[in-house]
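What follows is each chain in one-letter form.
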Amino acid sequence: MSSGVPPGPLTIVAPSGPSARSSIAKSRYRVPRIATKGPLTRCLLQACRETTSKRLYWSTTRFMFMRIASPGAQIVTTFDVHAHCVPRALLLDLRDGKSLGATASWRGDKCWFAIGSRAPKALPAGIDDVEKRLESMDRAGVDVQLLSTWMGVSACEFPADIAPTFARVFNEALAALVAEHPDRFLALANLPMRDPHAAAEELRYCVAELGMVGAEIATRPAGRDLDDPAFAPLWSMAEDLDCFLLVHPLHSLAGRAVERHFLGNLVGNPAETTIAIGHLMFGGVVERHRRLRLCFVHGGGFAPYQVGRWDHAYRNDVRGAAANLTTPPSEWLRTMYFDTVVHSSAALTHLVAAVGGSQIVLGSDYPFEMGDPAPVEFIRNAGDVGSAGLDRIVDENARRLLGPGVRRLRRDDGLDSRPGANSRREGRQRHGRL
């Protein structure tokens, strides 16, 4: 074994073989110089080079790199803001008969979930398996996931009398899971949206008491659009708590014949998101709640592509389109955040052009089949967007979206959790500042 490492740049490269992630390692962990002053450092470096265990490799690499990199080295934390989770502890409680208005049962290796007397639905494979989740994160180069419920288990799907109780039990189970892995997970609350006042109170409890960083809400919770005045208490609470809301489709294009050809997902999901953004804009919600931070999945649906049409209607006040707006929709769009689950470099390039590079955050939609299992690599391969904006998309933008919530992350790698503290540039603070 060599007594030291030659001077000059060092790239930490994964072991070869099926589990290798060398292309990611080469790009993310490049250090100006590593000084090997003691036997521990030399042993760790040799372990990284020789181990065949992927979990041991990545945990050892993370430990070693964060502690012996030179002070000026760039450290990037990769945040995945769109990842679904149903705590296994909750499912076991439901299986064992806990009265929460739902049941869970296992048939083979599949878990089936049912609300009341509705037909059971199979949970997506891996949605409750923490070990598989961590392995997937390590393969993909994701350091931190923001965990949000699967919409099929959303509290807004429950009757109004049981929804607050189910939401509280779900959120406490999710918070307990995060507490077991405080360096890898953050949590978004599951809210009982049928009662907006109860939803606002649950958000307060989850952020102030459980340490969550925001909430996931449906595009049309309980059949009400997001410009419904009844939701005002929730918007105000999110502003007061300085947390963000992740907006996700549910019951996409209900009533339309979208079951065939998987159109409910392929067309319905982005359409639902587009309609939700339209209601929030043209209904005046963003004007009345200017400190609201909103993030939309699936790249914002069709809104970034059709925002010119919206501007035309605003400028000409077509059929009252400008009644609740004082700023063009395209400018409001540039205050919102959007994930990268668009499956096309051309689409991502257009999204950046439409809303600005500061508003894009990494998402995977884990563990769904329409998700992106390698989101970091997708961004890196997206031409000019990836080469110029990788660090911004995976780290800086997420920190601004999280705001003070990023301090909830308990990293053991020496990172400063303040927004932008470990990045080359802070970026412009654009949300709600028109």
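Throughout what follows, the structure given in this document is the object of discussion. All residue numbers refer to position in the chain's written sequence, counted from 1. Two thresholds apply to this predicted model, a pLDDT of at least 70 for residue-level local features and 80 or more for giving and counting side-chain atom pairs, whereas whole-chain, interface and lining totals are computed over all residues. Side-chain metrics in this entry use all non-hydrogen atoms of the structure; hydrogen atoms and water are not considered.

Some thoughts on the sheet that holds strand 5 (residues 110-115)
What makes two strands pair is DSSP finding at least two bridges between them. Secondary structure elements are taken from DSSP: a helix is a run of H or I of four residues or more, a strand is a run of E of two residues or more, and numbering for both begins at the N terminus. Ordered in space as 4-5-6, the three strands form an open sheet in which the pairing is antiparallel. Every interior strand has two partners, whereas the edge strands, strand 4 (102-107) and strand 6 (121-122), have only one. In terms of strand pairing, strand 5 meets strand 6 through two bridges, oriented antiparallel. By the bridge assignment, Phe-113 is partnered in strand 6 with Lys-121.

Topic: the pairing of strand 7 (residues 144-148)
Every other side chain in a regular strand lies on the same face of the sheet, so the side chains alternate between the two faces. For the exposure calls, accessible area comes from a 1.4 Å probe over protein chains only, and a residue counts as buried if that area is under 20% of its type's maximum, exposed if over 50%, partly exposed in between. A large share of strand 7 lies buried, amounting to five of its five residues. Residue alternation in strand 7 divides its side chains into two sets, Val-144, Leu-146 and Ser-148 and Gln-145 and Leu-147, and both sets are buried. Note: strand 3 (residues 79-84) against strand 7, four bridges, orientation parallel. Its bridge partner lying in strand 7, Phe-79 is registered against Val-144. Sheet topology places strand 7 next to strand 8 (residues 185-187); three bridges connect them, and they run parallel.

Details of the side chain of Asp-311
Structurally, the position occupied by Asp-311 is in helix 11 (residues 303-315). Comment: no salt bridge for buried Asp-311; closest opposite-charge side chain is Arg-315, at 4.4 Å. In contact with Asp-311, other than residues within four places in its own chain, are Pro-328, Pro-329 and Ser-330. Only four residue types enter the tally: Lys and Arg on the positive side, Asp and Glu on the negative side, with His and both chain ends excluded. By definition, a salt bridge exists where a carboxyl oxygen of Asp or Glu is found within 4 Å of a side-chain nitrogen of Lys or Arg. In what follows, residue pairs with any heavy atoms lying within 4.5 Å of each other are defined as contacts.

Thoughts on the nonpolar core
Grouped together as the largest cluster of nonpolar side chains are 96 residues, with contacts concentrated most on Phe-113, Leu-203 and Trp-235. Top contributing element to this core by residue count: helix 6 (residues 163-180), with 10 residues. Excluding its chain neighbours within four sequence positions, the residues that come into contact with Trp-235 are Ile-217, Leu-226, Leu-245, Leu-280, Val-285, His-289 and Leu-292. Counting 18 residues, the second largest nonpolar core, distinct from the first, contains Val-81, Val-144, Cys-295 and Val-406. Buried Ala, Val, Leu, Ile, Met, Phe, Trp, Tyr and Cys residues form a nonpolar core when they are joined through side-chain atoms within 4.5 Å.

Focus on the packing of aromatic side chains
Each pair of aromatic rings taken from Phe, Tyr and Trp, with Trp reduced to its six-membered ring, is defined by centres within 6.5 Å and is described as stacked if the planes are under 30 degrees apart, edge-to-face if over 60, and tilted in the remaining cases. For the structure shown, the criterion picks out six aromatic pairs. Arranged with centres 6.2 Å apart and planes meeting at 55°, the rings of Phe-231 and Trp-235 form a pair that is tilted. Of the residues examined, Trp-235 reaches a relative accessible area of 2% and is grouped as buried. Between Phe-282 and Trp-310, the aromatic rings sit 5.7 Å apart at their centres with planes inclined by 70°, giving edge-to-face as the arrangement. Of this pair, Phe-282 sits in helix 9 (residues 263-282) while Trp-310 is found in helix 11, placing the two residues 28 residues apart along the sequence. The exposure class of Phe-282 is partly exposed, given its relative accessible area of 23%. The exposure class assigned to Trp-310 is buried, which follows from its relative accessible area of 13%. By the ring-pair criterion, three or more aromatic residues cluster together here, those being Phe-158, Phe-166 and Phe-170. The ring of Trp-112 carries the charged tip of Arg-107 above its face, separated from the ring centre by 4.4 Å. Directly above the ring of Phe-231 sits Arg-224, whose terminal nitrogen or CZ lies 5.3 Å from the centroid. Ring-over charges, as used throughout, are those where CZ of Arg or NZ of Lys falls within 6 Å of the ring centre and within 35 degrees of the ring normal.

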